[in-house]
Amino acid sequence: MPFDQKRINGPESSLLYTQFIDNDNKFQGKNLYSKGKRVDGRERQEHRKHAFLLNTISKAKGSCYIENGNTKIICAVFELREIPRISKYSEKGQIYCDFKYAAFSRRMRKSNDENEEKLMSTNIRTALESTVCLHEFPNYQIDLYVMVLEDDGAVLATAINGSGLAFIDASIQCYGIITSTSASIINGEIFIDPTSEEERLKNDTNKSKSANLTLSSISSMDQIPQVFFHGLADLSLIKSAKEKILDTNKTHVLYFKKLLSNKIANVRA
Amino acid sequence: MDNKTDPIVCFPGDRLCTSNENTIPGNGTYERLGYIYSSLAGIVETKTEDKNTIISVVTSGNKTNLPIVGDVVTARVEIVNQRFAKCSVICIGDMLLNRPLRGILRKEDVRATDIDRVEMYKNYRPNDIILAKIIPQIEIHTYSLSTAENELGVVIASARGLATSSNTYIPVPMVPISWSEMQCPNTLVKEPRKVAKIMSENALAKQQ
């Protein structure tokens, strides 16, 4: 057992109890389904309720507060800044993404998980580099700050949704509205928009194949700017998960447009 | 044009119309595979000139604007040197910028004639507000400016002004007395500047 100075430890030769759990009905000791639906009452393909608010940060050029079930993320876009430390003329602008988990956002209250934060910010940047018209501001960069207030699964997908909306709120030219959805492939089934419980299931043992797929798409152009896949899964399952995610993304675009139109209407009035 | 019909609201990625020789994608739009798409969330505006229609999308404020070559900008002179004057661009046309941009006005670009014998200090002083035109960039983050026209040059310059009781000076705007001199109204001191020929808006409108 790992030695924890602040607690009373058992004998040194003791083992974690999870190794002895029976894996038949439950998936690694956790209920995947109850009464044919997922633990929180959803269908396999059902997405959680989500909503967003624009212009929540007055000092930012554009901002978006987005909630997806219990996942809460805030994204803010700031004014153009000269790209520091370049010597050659760059024909395209750049996006600088700073992604942070709040210390209280996850189950384990860690203040710093630099590697994962860097990975997330790279993914968000890749997604947005194909959405934003970078040729409109050569030699300049746009700062995007993303902070996760609560992590209950599908963080990358929600962050990309929020960032895309923050750019639109900032009146920065974009090729289209980018939407993103996450899916977990566990036990041969596809679960759209997993909660953090469902996401974490794949991390425990190597016995069954499980995986996590986050895919963003610009539905109006039928383009996929970003994919993030982690785990093991059958190719056929990955393909059908991709199709389901693309459909979900398309329906979300309509919902986003409806809320965006409120913003335009308010401003005109 | 579309005053009587409802305004068309559009979002990034919305297809606006087909593109042919007579349609021009304006601000806030882009052209792709034979169609014109919107790239902003706002209201569509069409303007017809001769046979061409310019389609653009207008949002409310918050616009990101960078000057292009040929724009007339308002700048404040920060540092004056023998070779150049460093300025900070505060407006593009009549639109105020959120953050000032860096500009540089070189000795050769101050006026159109006799450019070898220009003395920077006799044309501009720190804290002058000038109108200048953007010329092609030489350095990366600095816009090159030129005042080589009659309508460009110093618009507002301040003289040191009257002393107040607490040992400070209230700056007083100077009055132009010729195309190369300005005078303080209180002390009657003349200072050399390259003065801009500001045309009144009525005169400009009549010209057009």
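Everything numeric here is computed off the predicted structure, so don't read it as measured data. (Residues numbered from 1 in each chain as written. Chains lettered and ligands numbered in written order. Predicted model: local features only at pLDDT ≥ 70, side-chain atom pairs only at ≥ 80, totals over all residues. Heavy atoms only, no water.)

## What about the overall build of chain B?
A count of helices and strands for chain B gives one helix and 18 strands. Taken over C-alpha atoms, the radius of gyration comes to 22 Å for chain B, far larger than the 17 Å a tight globule of 208 residues would show. Each of the three principal axes of chain B carries a C-alpha extent, and together these read 65 × 40 × 35 Å. Summarising the internal contacts of chain B: among those between residues at least 6 apart in sequence, 48% fall at separations of at least 24. Summed over its atoms, the accessible surface of chain B is roughly 12500 Å², and 50% of this surface lies on carbon and sulfur atoms. Between the averaged position of the 24 positive side-chain charges in chain B and that of its 23 negative side-chain charges there is a distance of 7 Å. (Helix = DSSP H or I, 4+ residues; strand = E, 2+ residues; numbered from the N terminus. Rg over C-alpha atoms; globule rule 2.2 N^0.38 Å. Contact = heavy atoms within 4.5 Å. Areas by Shrake-Rupley, 256 points an atom, 1.4 Å probe, with all protein chains shown as cover. Lys, Arg positive; Asp, Glu negative; His and termini not counted. Charge placed at Lys NZ, Arg CZ, Asp CG, Glu CD.)

## What about the domain arrangement of chain B?
By the assigned domains, chain B splits into domain 1 (9-62) and domain 2 (72-207). Its C-alpha centre places domain 1 of chain B at a distance of 37 Å from the equivalent point of domain 2 of chain B. (Domains from an automatic or database assignment.)

## Describing the side chain of Glu-199 of chain A
Residues and elements named next belong to chain A. As for its placement among the helices and strands, Glu-199 is situated in helix H3 (residues 196-200). One buried charged side chain, Glu-199, makes no salt bridge at all; its nearest oppositely charged neighbour is Arg-48, positioned 6.7 Å away. With sequence-adjacent residues up to four places away left out, Glu-199 is seen in contact with Gly-153, Ala-154, Ser-182, Ser-184, Pro-194 and Asn-212. (Buried < 20%, exposed > 50% of the residue type's maximum accessible area, 1.4 Å probe, protein only. Salt bridge = Lys/Arg side-chain N within 4 Å of Asp/Glu carboxyl O.)

## Things to note about the interface of chain A and chain B
Listed as interface residues are 34 residues of chain A and, on the opposing side, 32 residues of chain B. Where chain A abuts chain B, roughly 2600 Å² becomes buried across the two surfaces, and 59% of that area is made up of carbon and sulfur atoms. On the chain A side of the interface with chain B, the three residues burying the most area are Glu-82, Ser-171 and Ile-264 of chain A, jointly 20% of the side's total. Counting across the chain A and chain B interface gives two salt bridges. Two residues, Glu-82 of chain A and Arg-102 of chain B, come together in a salt bridge whose shortest N-O distance is 2.8 Å. Inspection of the chain A/chain B interface yields 10 residue pairs in polar contact (both at pLDDT 80 or more). Those elements that place two or more of their residues in the side of chain A that touches chain B are strand S6 (81-82), helix H2 (155-169) and helix H4 (235-268) of chain A. If one sorts the elements of the side of chain A that touches chain B by residue count, H4 of chain A sits on top with six residues. When the residues that make up the side of chain A that touches chain B are grouped by side-chain class, the tally is 17 nonpolar, eight polar and nine charged. (Buried area = accessible area lost by both parts, 1.4 Å probe. Polar contact = N/O pair within 3.5 Å; in protein donor to acceptor, adjacent residues only side chain to side chain. Nonpolar A, V, L, I, M, F, W, Y, C, P; charged D, E, K, R; others polar.)

## Looking at unusual backbone geometry
Residue and element names in this part refer to chain A. A positive phi angle, near 60 degrees, is found at Arg-85, a position not held by glycine. Looking at the element boundaries, Arg-85 is found in the loop between S6 and strand S7 (94-101). In this structure, Ser-171 is a non-glycine residue whose phi angle is positive, near 55 degrees.

## Some points on the nonpolar core
Ile-124 and Phe-167 of chain A are the most contacted members of the largest nonpolar core, which has 75 residues in total. A per-element tally of this core places H2 of chain A first, with eight residues. In terms of domain composition, this core takes at least three residues from each of domain 1 (9-62) and domain 2 (72-207) of chain B. With 10 residues, the next largest nonpolar core counts Ile-190, Ile-192, Leu-213 and Ile-245 of chain A among its residues. (Core = buried A, V, L, I, M, F, W, Y, C linked by side-chain atoms within 4.5 Å.)

## Section: the pattern of salt bridges
All names here are of chain A. Considering all chains together, one arrives at 24 salt bridges over all chains under this definition. Here Asp-193 and Arg-48 are joined by a salt bridge, their closest N and O atoms 3.1 Å apart. In this pair, Asp-193 sits in the loop between strand S10 (189-192) and H3 while Arg-48 sits in the loop between strand S2 (37-38) and strand S3 (50-54), placing the two residues 145 residues apart along the sequence.

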